[in-house]
2 protein chains.
Amino acid sequence: MQNFVFQNPTRIIFGQAAEKKVGEQTSLYGSKVLLHYGGGSIKKYGTYQSVIESLEEVGLEYIELGGVKPNPRLALVKKGIELVEQEDIDFILAVGGGSVIDSAKAIAVGACYEGDVWDFFAKDITIKKAMPVGTVLTIPAAGSESSTSAVITKLTGMYKKSISSELIRPKFAIMNPELTFTLPNYQTACGAVDIMAHVMERYFTNTKNVELTDRLCEATLKTIIDNVPRVLKDNQDYAARAEIMWAGNIAHNGLLDTGRVGDWASHGIEHELSAIYDVAHGAGLAVVFPAWMNYVYQHDLARFAQFAVRVWGIDPDLKDLDWTACQGIKKTKEFFSSLGMPVSLPELEIPADKFEEMAAKCTAAGPRGNFVPLTKEDVVKIYQSVLN
Amino acid sequence: MQNFVFQNPTRIIFGQAAEKKVGEQTSLYGSKVLLHYGGGSIKKYGTYQSVIESLEEVGLEYIELGGVKPNPRLALVKKGIELVEQEDIDFILAVGGGSVIDSAKAIAVGACYEGDVWDFFAKDITIKKAMPVGTVLTIPAAGSESSTSAVITKLTGMYKKSISSELIRPKFAIMNPELTFTLPNYQTACGAVDIMAHVMERYFTNTKNVELTDRLCEATLKTIIDNVPRVLKDNQDYAARAEIMWAGNIAHNGLLDTGRVGDWASHGIEHELSAIYDVAHGAGLAVVFPAWMNYVYQHDLARFAQFAVRVWGIDPDLKDLDWTACQGIKKTKEFFSSLGMPVSLPELEIPADKFEEMAAKCTAAGPRGNFVPLTKEDVVKIYQSVLN
């Protein structure tokens, strides 16, 4: 186990009617709110109405900025920054999934910075100040509701880049599983893959002696594996929706990182896909992650075999760890497929012609990933391996 | 899963040489420190020296108050409160295990209160203010380093009572597993039982649909079960000491409570033992917990069978859940015994003559425990069941 510092002060307010607390929570930090959201779904299903009623109840002013798209865009972030300045806004409330929250975090950083907010994404500049952000989560997936990171896409040049800082960790996360009842199955499945990917990025590590966090990772993965098929069958299964929502938070709140170094190559490889082809992040990960596993598993057969046994219940062949390890990868891929997720690039209508370009961007700062550092050539091979 | 609010803002600084950060951390909150500790062990093994050097490095003044005993006493708490007032102290630094930290928390509350600090323990008064507390942990057991609770013993009348408030959650917890290398095996084992008890109090619940937290509990228990025998063999096994230390925190930082109601009768039943006979809390729990399990397990055979299968690896007899459940209890008791812990009252030299008195105190506020509410008569029977 490595030395670490861990602190996650985000206040989680979880359960039925939790969104009715948003006014009370917001008023602890601000008086004029940028209400940031995505498309029409929060208006269609009543979440918007509950939120504004709660804000009005405590006398908070708010200015709206909707229109966040999946793979949230820099252009809208810049619009948000302008609004904050023009309207003297002192708090950003994100109502939505990871894209809305990430967009809100980027606005929070940009509004406290003289220059171009993209500087923080493109260069390695330390974030020194950010506005407070609060969240009402409607899609369990990104874990952004209590994480320190945000990912934004710049359409010019098709770049998808991330920032990370304790300063952008949301003050509160309001999590009502009922708000996820209306998620289409495809989006639920994308979220599940993203959650599992967050755990697996941490699980596949070279750090030794990480038993507790290994087991916590396995606990989180097994919970997702048990509960996602239930909600795909019954969208209003509160118990299963609640398990997924809480697991999605645990997967990315920093706890599962403690004392270990994650890999994160798969996220990088996927980001290139969604930057260019605008595919859902979870769907891209469903293709990339098993491909990455197949490419690297021989680096640590014991760890991949442990994954197979503990997460997927494989009866191990201890004389053949390679076989055992492969069973876990096979199960992962089959599970993604069973959720209706793609497991090859053609299923996402992604052709082979930009592999070199994507791999070059992915490895622009040097080999990608910590478990096995991947060169540009490795990344090309991983893309090629899922051509069918 | 029940609705919940969860927030744990304690900053965890974990790993080798972490105690060298204590000055820097303390200076974020105070300028004159009450340095609170127990017996001579922190002086004997160098922890004291490292701490005062770190405080002096950043120019912090400190006043010492040592002498905290296991089952920490109200009298010393009162002395601490006096010192804080006399010396204009603005921060309390606990260097030690749960007893020292609990004593520090009680001082933190008492110093902000006009009346007798025991009021908060004896009556149901809400804590409205507390001084900031920081911790350097030397015994993984109580989880008090980032918890909201404290337990204090009043010798007059032999009362052991607790308080709980977000206001007494420590600002930081400095956790260096090396500081636990010198713990005697008996104390390591007591700590392990206490950690397991914290998890099991939460595990045995009537709340339905708590899969994620069930699995996180099981992960934490299995980590303790794997690693404690290792440190009993090799006191300086850093990896195993680190697993235990981090697990001890997770066990009691509030995460494993989320969305579920714990039992806590065993803690209550044990507190009566340690209040009167001054036994180590962990040793008392090693006797009480399996006795409680045997008394209540038929209330939910499936849950006890799940515990047996998932925590202890029992091959279940699905036609005989009673048998399966009992195997888990048997394994728990055998494990405690294998650590050198007592599993009966005679091993603690506790006679039968005060069972009625202890049971009456334990149930003075009504039936004890949430999984199965226990009457005075139930508690007497549990004491009687471990007479040999």
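Residues numbered from 1 in each chain as written. Chains lettered and ligands numbered in written order. Predicted model: local features only at pLDDT ≥ 70, side-chain atom pairs only at ≥ 80, totals over all residues. Heavy atoms only, no water.

### Side note on the overall build of chain A
Thinking step 1. Helix and strand counts for chain A come out as 15 helices and 8 strands.
Thinking step 2. In terms of C-alpha radius of gyration, chain A reaches 20 Å, essentially the compact-globule figure of 21 Å for 388 residues.
Thinking step 3. The dimensions of chain A, computed from C-alpha atoms along their principal axes, are 65 × 45 × 45 Å.
Thinking step 4. Look at the contacts in chain A between residues 6 or more apart in sequence, and 77% of them connect residues 24 or more apart. (Helix = DSSP H or I, 4+ residues; strand = E, 2+ residues; numbered from the N terminus. Rg over C-alpha atoms; globule rule 2.2 N^0.38 Å. Contact = heavy atoms within 4.5 Å.)

### Observations regarding the side chain of S274(B)
Residues and elements named next belong to chain B.
Thinking step 1. Assignment of secondary structure puts S274 in helix 10 (residues 265–277).
Thinking step 2. A relative accessible area of 1% places S274 in the buried class.
Thinking step 3. Among all residues touching S274, those that are not within four sequence positions of it are N71, K160 and V279. (Buried < 20%, exposed > 50% of the residue type's maximum accessible area, 1.4 Å probe, protein only.)

### Some points on the nonpolar core
Generally speaking, a soluble globular protein has its nonpolar side chains buried in company with each other.
Thinking step 1. Ranked by size, the top nonpolar core spans 232 residues in total, and within it F204(A), W246(A), W292(A), F304(A), F204(B), W292(B) and F304(B) carry the most contacts.
Thinking step 2. Those residues within four positions of F204(A) in sequence are excluded, and the remaining contacts are G262(A), D263(A), F289(A), W292(A), M293(A), R303(A), F304(A), F307(A) and F371(A). (Core = buried A, V, L, I, M, F, W, Y, C linked by side-chain atoms within 4.5 Å.)

### Section: the sheet that holds strand 3 (residues 61–65) of chain B
Thinking step 1. Strands sit in the order 3(A)-2(A)-4(A)-5(A)-8(A)-1(A)-1(B)-8(B)-5(B)-4(B)-2(B)-3(B) across an open sheet of 12 strands; the sheet is mixed. Edge positions in the sheet fall to strand 3 (61–65) of chain A together with strand 3 of chain B, since each has one partner strand and no second. Across the sheet, the mean angle separating the axes of adjacent strands is 25 degrees when strand polarity is ignored.
Thinking step 2. With 4 bridges joining them, strand 1 (residues 4–14) of chain A and strand 8 (residues 172–175) of chain A adopt parallel strand pairing. Of the residues in strand 8 of chain A, the one forming a bridge with I12(A) is A173(A).
Thinking step 3. Against the sheet, helix 5 (residues 98–110) of chain B engages strand 2 (32–37), strand 3, strand 4 (91–96) and strand 5 (133–137) of chain B, with an angle of about 165 degrees to strand 4 of chain B.
Thinking step 4. Sheet contacts for helix 9 (residues 238–250) of chain B: strand 1 of chain A together with strand 1 (4–14), strand 5 and strand 8 (172–175) of chain B; angle to strand 1 of chain B, the most-contacted strand, approximately 150 degrees. (Pairing = 2+ DSSP bridges. Axes fitted to C-alpha atoms, helices over the stretch in contact; angles between N-to-C directions.)

### Points about the environment of E178(B)
Residues and elements named next belong to chain B.
Thinking step 1. Note that E178 resides in the loop between strand 8 and helix 7 (185–203).
Thinking step 2. E178 sits in the partly exposed class, given a relative accessible area of 33%.
Thinking step 3. Taking the C-alpha atoms as reference, E178 lies 8.8 Å from T138; in sequence the two are 40 residues apart.
Thinking step 4. Discounting chain neighbours no more than four positions away, the residues touching E178 are Q16, A17 and Y238.

### Points about the side chain of H271(B)
Thinking step 1. In this structure, H271(B) sits in helix 10.
Thinking step 2. Not counting the four nearest positions on each side in its chain, H271(B) is found in contact with V151(B), K160(B) and H281(B).

### Side note on the UniProt feature "domain: Fe-containing alcohol dehydrogenase-like C-terminal" (unreviewed entry) in chain A
Thinking step 1. Here, the residues flagged by UniProt with the feature "domain: Fe-containing alcohol dehydrogenase-like C-terminal" (unreviewed entry) are residues 188–386 of chain A.
Thinking step 2. Between the first and last C-alpha atoms of residues 188–386 of chain A the distance is 23 Å; the span itself is 65% helix and 0% strand. (UniProt positions renumbered as here; feature names shortened; annotations may be inferred.)

### Concerning the packing of helix 7 of chain B against helix 10 of chain B
Between two packed helices, the angle of one axis relative to the other and the distance separating the axes together describe the packing.
Residues and elements named next belong to chain B.
Thinking step 1. Packing of helix 7 against helix 10 brings their axes to within 9 Å, and their N-to-C directions diverge by 140 degrees. As judged from the angle between their axes, helix 7 and helix 10 are oblique. Between helix 7 and helix 10, the contacting residues are D194, A197, H198 and E201 on the first element and A265, S266 and H267 on the second.
Thinking step 2. Looking at the contact of helix 7 with helix 10, its residues break down into 2 nonpolar, 3 polar and 2 charged. (Parallel < 35°, antiparallel > 145°, perpendicular 65-115°, else oblique. Nonpolar A, V, L, I, M, F, W, Y, C, P; charged D, E, K, R; others polar.)

### Quick notes on empty space enclosed by the protein
Thinking step 1. Under the criterion given, the structure shown has 2 cavities of 30 Å³ or more.
Thinking step 2. What lines the largest cavity is a set of 19 residues, and nearest its centre among them are F6(A), N8(A), N253(A), F6(B) and N8(B).
Thinking step 3. Sorting the residues of the lining of the largest cavity by element identifies strand 1 and helix 9 (238–250) of chain A together with strand 1 and helix 9 of chain B as the ones contributing at least two each.
Thinking step 4. Split by residue class, the lining of the largest cavity holds 8 nonpolar, 11 polar and no charged.
Thinking step 5. Of the pockets and cavities examined, the second largest cavity occupies roughly 50 Å³.
Thinking step 6. In this structure, the second largest cavity is lined by I139(A), P140(A), T180(A), L183(A), Q187(A), T188(A), G191(A), A192(A), R241(A) and I244(A).
Thinking step 7. At the level of secondary structure, the elements contributing two or more residues to the lining of the second largest cavity comprise helix 7 (185–203) and helix 9 of chain A.
Thinking step 8. Tallying contributions element by element places helix 7 of chain A first for the lining of the second largest cavity, with 4 residues.
Thinking step 9. Residues that form the lining of the second largest cavity fall into these classes: 5 nonpolar, 4 polar and 1 charged. (1 Å grid on protein atoms, 1.4 Å probe; cavity = no way out; pocket = protein on both sides within 12 Å on 5 of 7 lines; lining within 4 Å. Points joined across faces, edges and corners; volume = space filled by probe spheres on them.)

### Focus: the relation of the copies chain B and chain A
Thinking step 1. Mapping chain B onto chain A leaves a residual RMSD of 0.0 Å; the transformation is a rotation of 180 degrees accompanied by 0.0 Å of translation along its axis. Given the turn and translation reported, the copies of this chain are related as if by a two-fold rotation axis. Considering only C-alpha atoms, the residue of chain B closest to the rotation axis is P9(B), which sits at 2.1 Å.
Thinking step 2. Looking at the interface residues of chain B, 100% of them are also at the interface in chain A, so both copies use one shared face. (Least-squares fit on C-alpha atoms with pLDDT ≥ 70 in both.)

### Things to note about the UniProt feature "domain: Alcohol dehydrogenase iron-type/glycerol dehydrogenase GldA" (unreviewed entry) in chain A
Thinking step 1. UniProt's feature table lists "domain: Alcohol dehydrogenase iron-type/glycerol dehydrogenase GldA" (unreviewed entry) at residues 9–177 of chain A, given in the numbering used throughout.
Thinking step 2. Helix makes up 31% of residues 9–177 of chain A and strand 26%, and the two end C-alpha atoms of the span are 21 Å apart.

### Quick notes on the environment of V95(A)
Residue and element names in this part refer to chain A.
Thinking step 1. Mapped onto the secondary structure, V95 falls in strand 4 (residues 91–96).
Thinking step 2. The class of V95 is buried, set by a relative accessible area of 1%.
Thinking step 3. A sequence separation of 43 residues divides V95 from T138, and the C-alpha atoms of the two residues are 7.1 Å apart.
Thinking step 4. The residues contacting V95, other than those within four sequence positions of it, are L35, H36, Y37, G38, I42, T47, V51, V100 and V136.

### Considering unusual backbone geometry
Thinking step 1. In this structure, D88(A) takes a positive phi of about 60 degrees despite not being glycine.
Thinking step 2. Within the element layout of this structure, D88(A) appears in the loop between helix 4 (74–87) and strand 4.
Thinking step 3. The class for D88(A) is exposed, based on a relative accessible area of 66%.
Thinking step 4. Unlike most non-glycine residues, N209(B) shows phi in positive territory, near 60 degrees.
Thinking step 5. Look at N209(B) and you get partly exposed, because its relative accessible area is 46%.

### With respect to the pairing of strand 2 (residues 32–37) of chain A
Residues and elements named next belong to chain A.
Thinking step 1. A large share of strand 2 lies buried, amounting to 6 of its 6 residues.
Thinking step 2. Here strand 2 shows no split at all, with K32, L34 and H36 on one side and V33, L35 and Y37 on the other all buried.
Thinking step 3. Sheet topology places strand 2 next to strand 3; 5 bridges connect them, and they run parallel. Looking across to strand 3, one finds that L34 is bridged to I63.
Thinking step 4. The sheet contact formed by strand 2 and strand 4 spans 5 bridges and is parallel. Paired with H36 across the strands is A94, a residue of strand 4.

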